[in-house]
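# Analysis of the macromolecular model
Residue strings, one per chain:
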Amino acid sequence: MTTSTFPQQLTGTNNMTPMHTNRLTKLLVVLLLCAANSATVAGTPGKIAIGEKPPVLIGINMDGDAVETTQFAGKVLVVTFWASWCGPCMKELPMLEGIQKVAGKDRFQVVAINIEERDKFRKISRALSSLTLQITHDYGKKSSDAFGVKGIPHMLIIGRDGKVIAVHRGYSEHALD
């Protein structure tokens, strides 16, 4: 019987070097610890609970196309709501980018949903074009409402089975330092 580490189980591979496994373990522990303290109650309108399927619509990309959770079936999906004026959000994006790079986009995808006006979204998206995570816009606040977002940062982690495994709202002052 072969045993695998948590990152290998999460990413579905046993072809990781010890250095990558260690780095991914650290990044995933930070991500999951941030998310661990804020699960929601099942059945609360406008809120997503652990174990539930999330709303399908995530946001609208720069081309105006809908981005949906179903596009990422079989992957771990991190959905995070953010704005350019949110300091913790802007610290979080490169961290999530790093996790996605280590885990691999074929196994782990980050979708960052900007909640600002469309023109601001377009401008900041161009400035962040070097990031490989998917940046979308919350057109008409449809995604924010469906996901129960009341403040940012607001993050959900969706497992490979398509169900929410963690919900996180906000950060302490030093959580991302």
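Further up the page is the structure itself.
Residues numbered from 1 in each chain as written. Predicted model: local features only at pLDDT ≥ 70, side-chain atom pairs only at ≥ 80, totals over all residues. Heavy atoms only, no water.

## Describing helix 3 (residues 87-103)
Filter applied, for reference: Counting from the N terminus, the helices are the DSSP runs of H or I reaching at least four residues and the strands are the DSSP runs of E reaching at least two. One fewer than the residue count of a helix, multiplied by 1.5 Å, yields its expected span. Accessibility here uses a 1.4 Å probe with only protein chains present; expressed as a share of the type maximum, an area under 20% marks a residue as buried, one over 50% as exposed, and anything in between as partly exposed.
Under the 1.5 Å per step criterion, the end-to-end length of helix 3 is 25 Å for 17 residues, consistent within 8% with the ideal 24 Å. The complete set of buried residues in helix 3 reads Cys-89, Glu-92, Leu-93, Leu-96, Glu-97, Gly-98, Ile-99, Gln-100, Val-102 and Ala-103. Phi turns positive, to about 100 degrees, at Gly-104, one or two residues after helix 3.

## Considering the nonpolar core
The criterion, for reference: Working definition of a nonpolar core: buried Ala, Val, Leu, Ile, Met, Phe, Trp, Tyr and Cys residues. They are joined through side-chain atoms within 4.5 Å. Two residues qualify as a contact provided that any one of their heavy atoms is within 4.5 Å of a heavy atom in the partner residue.
In this structure, Ile-58, Phe-81, Trp-82 and Ile-152 are the most contacted members of the largest nonpolar core, which totals 39 residues. Listed by contribution, the elements that provide at least two residues to this core are strand 3 (76-82), helix 3, strand 4 (108-114), helix 4 (118-127), strand 6 (154-158) and strand 7 (164-169). No other element matches strand 3, which puts six residues into this core. Setting aside residues no more than four positions away along its own chain, Trp-82 makes contact with Cys-89, Met-90, Leu-93, Ala-112, Ile-113, Asn-114, Ile-115, Ile-124, Leu-128, Ile-135 and Ile-152.

## A short note on the environment of Thr-132
Within the element layout of this structure, Thr-132 appears in the loop between helix 4 and strand 5 (134-137). The exposure class assigned to Thr-132 is partly exposed, which follows from its relative accessible area of 34%. With 32 residues separating them in the primary sequence, Thr-132 and Gln-100 have C-alpha atoms 8.4 Å apart. The contacts of Thr-132, once residues within four sequence positions are left out, are Glu-97, Gln-100, Lys-101 and Lys-105.

## Description of unusual backbone geometry
At the junction of Ile-152 and Pro-153, the peptide bond is cis and its omega measures out at -5 degrees in the coordinates. Unlike most non-glycine residues, Lys-141 shows phi in positive territory, near 60 degrees.

## Brief notes about the environment of Phe-121
With respect to the helices, strands and loops of the structure, Phe-121 is situated in helix 4. The sequence separation of Phe-121 and Asn-61 amounts to 60 residues, and the corresponding C-alpha distance is 9.9 Å. Contact partners of Phe-121, with chain neighbours within four places excluded, come to Ile-60, Asn-61, Met-62, Asn-114, Ile-135, Thr-136 and His-137.

## Focus: the pattern of salt bridges
Opposite charge on two side chains permits them to pair, given that their charged atoms come into close proximity. Where we set the bar: We count a salt bridge whenever a side-chain nitrogen from Lys or Arg sits within 4 Å of a carboxyl oxygen from Asp or Glu.
One pass over the structure, following the stated rule, counts two salt bridges. Put simply, Lys-101 and Glu-97 hold a salt bridge, and the shortest N to O gap is 3.8 Å. In this pair, Lys-101 and Glu-97 are both assigned in helix 3, four residues apart and thus about one turn of the helix distant. With relative accessibility at 5%, the residue Glu-97 sits in the buried group. Across the salt bridge formed by Arg-107 and Asp-106, the nearest N and O atoms sit 3.6 Å from each other. By relative accessible area, Arg-107 is classed as partly exposed at 23%.

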